[in-house]
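Coordinate inspection notes
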Amino acid sequence: DEMITEAIAGVRSDVEAGSSLEKAMERYPKVFDRLYRAMVRSGEQSGRLDEVLDRLAFQVEKQDALRRQVKSALMYPALVFGFAAVVLIAIVTFVIPVFANIFKELAEEHPEEAAGLPIPTQLCVSTSEAITGYWFLIIPGLIVAIFAFVQWKRTERGKEMWTRFTLRIPMKIGDVIQKVALARWSRTFSGAVSAGIPMLQAIKLTGETAGNVVLEQAMDDVYNSAKQGGSLAAPIEKNAIFPPMVGHMVAVGEETGQLENMMAKIADFYEAEVDANV
């Protein structure tokens, strides 16, 4: 990738000029996000940069594997659905009108035997007439609707409403989306804590890089609790996005000083759950 090649060359040039690695990476935020740079800075300050970079590599590999796993699982149903949609449109546009004309001719030839069409057939014929007769309105309408939806989803309110909707999609789809988000969140949190990033900063960065608005809002509650001297587990246990097991394991991690390991175990568990569900 040209962007990565350019970023690496720029980082090398800046480091040779005397810049710290984290400051050099700061010039390329699209390649090195805030969490990545914070972990590198912590590694530089603690003298454990090699361990932090190894941890970062492990974290990126895990996230990439999870992403590829979900994409590969969705590929086949997406192709089948797309093909089915094309066939359905072709049938409604070209096949149903032929049968509609046959029904009409039969009714005209034998009016004494004519009877109303069944409701499903009437629905198919009406849909076909709407598509073939008003395609010049339907197609632009769909384009405008899609554009409006994309713009709405980019707003803060729209993003939140859409995320909450996806978490409620039936047939285990919402369940998988939730578990993917939890796996990414816990892996990121574990990496931030293991890198030695201060807890409040780790909570803030984890929420901002979670990729899920609901989790980001949940981490705001965790941040406020920790800032006031409270526990991390209390707000996690109260939030519906987190299953009870997560709150219990975070509480155990806090009490035993093994929060990093507990978060890693949560990530392992939900990555396995995603693998089973998809």
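The text that follows walks through the structure, step by step, so that each part is easy to find. (Residues numbered from 1 in each chain as written. Predicted model: local features only at pLDDT ≥ 70, side-chain atom pairs only at ≥ 80, totals over all residues. Heavy atoms only, no water.)

1. Some thoughts on the pattern of salt bridges
Tallied over the full model, the rule gives 14 salt bridges. In this structure, glutamate 26 and lysine 23 form a salt bridge, with 3.6 Å as the shortest nitrogen-oxygen distance. Residues aspartate 64 and arginine 68 are paired through a salt bridge, measuring 2.9 Å at the closest nitrogen-oxygen approach. Separated by 4 residues within a single helix, aspartate 64 and arginine 68 lie in helix α4 (residues 49-109), roughly one turn from each other. Look at aspartate 64 and you get partly exposed, because its relative accessible area is 31%. One salt-bridge network, held together by shared partners, links Lys62, Arg187, Asp268 and Glu271. (Salt bridge = Lys/Arg side-chain N within 4 Å of Asp/Glu carboxyl O. Helix = DSSP H or I, 4+ residues; strand = E, 2+ residues; numbered from the N terminus. Buried < 20%, exposed > 50% of the residue type's maximum accessible area, 1.4 Å probe, protein only.)

2. Overview of helix α10 (residues 213-227)
The first and last C-alpha atoms of α10 sit 21 Å apart over 15 residues, in line with the 21 Å expected at 1.5 Å per residue. Residues of α10 that are buried include every one of Val213, Val214, Leu215, Ala218, Met219, Val222, Tyr223 and Ser225, and no others. For α10, the secondary structure elements touched by its buried residues are α7 (156-166), α8 (173-194), α9 (199-208) and α11 (233-238). Phi turns positive one or two residues past the end of α10, at glycine 229, with a value near 90°. (Expected span 1.5 Å × (residues − 1). Contact = heavy atoms within 4.5 Å.)

3. Details of the nonpolar core
Judged by nonpolar contacts, the single largest core of 49 residues is most densely connected at Trp185, Phe189, Ile197, Leu215, Phe242, Val246 and Val250. Counting residues per element, this core draws most heavily on α8, which supplies 7 residues. With sequence-adjacent residues up to four places away left out, tryptophan 185 is seen in contact with Thr206, Leu215, Met219, Ile236, Phe242, Val246 and Met263. (Core = buried A, V, L, I, M, F, W, Y, C linked by side-chain atoms within 4.5 Å.)

4. Re the layout of surface pockets
Roughly 980 Å³ of volume is contained in the largest pocket. In terms of lining, the largest pocket is formed by 32 residues, of which the most central are Val70, Val176, Ile177, Val180 and Ala181. Of all the elements in the fold, those that place two or more residues in the lining of the largest pocket are α4, α7, α8, α9 and α10. Looking at the lining of the largest pocket, its residues break down into 15 nonpolar, 8 polar and 9 charged. Within this model, the second largest pocket holds a volume of roughly 390 Å³. Looking at the second largest pocket, it is lined by 17 residues, and the ones nearest its centre are Val31, Asp33, Tyr36, Val60 and Gln63. If you list the elements that add at least two residues to the lining of the second largest pocket, you get α3 (34-46), α4 and α8. A total of 6 residues in the lining of the second largest pocket trace back to one element, the largest contributor, which is α4. Within the lining of the second largest pocket, the residues separate by chemical class into 8 nonpolar, 4 polar and 5 charged. (1 Å grid on protein atoms, 1.4 Å probe; cavity = no way out; pocket = protein on both sides within 12 Å on 5 of 7 lines; lining within 4 Å. Points joined across faces, edges and corners; volume = space filled by probe spheres on them. Nonpolar A, V, L, I, M, F, W, Y, C, P; charged D, E, K, R; others polar.)

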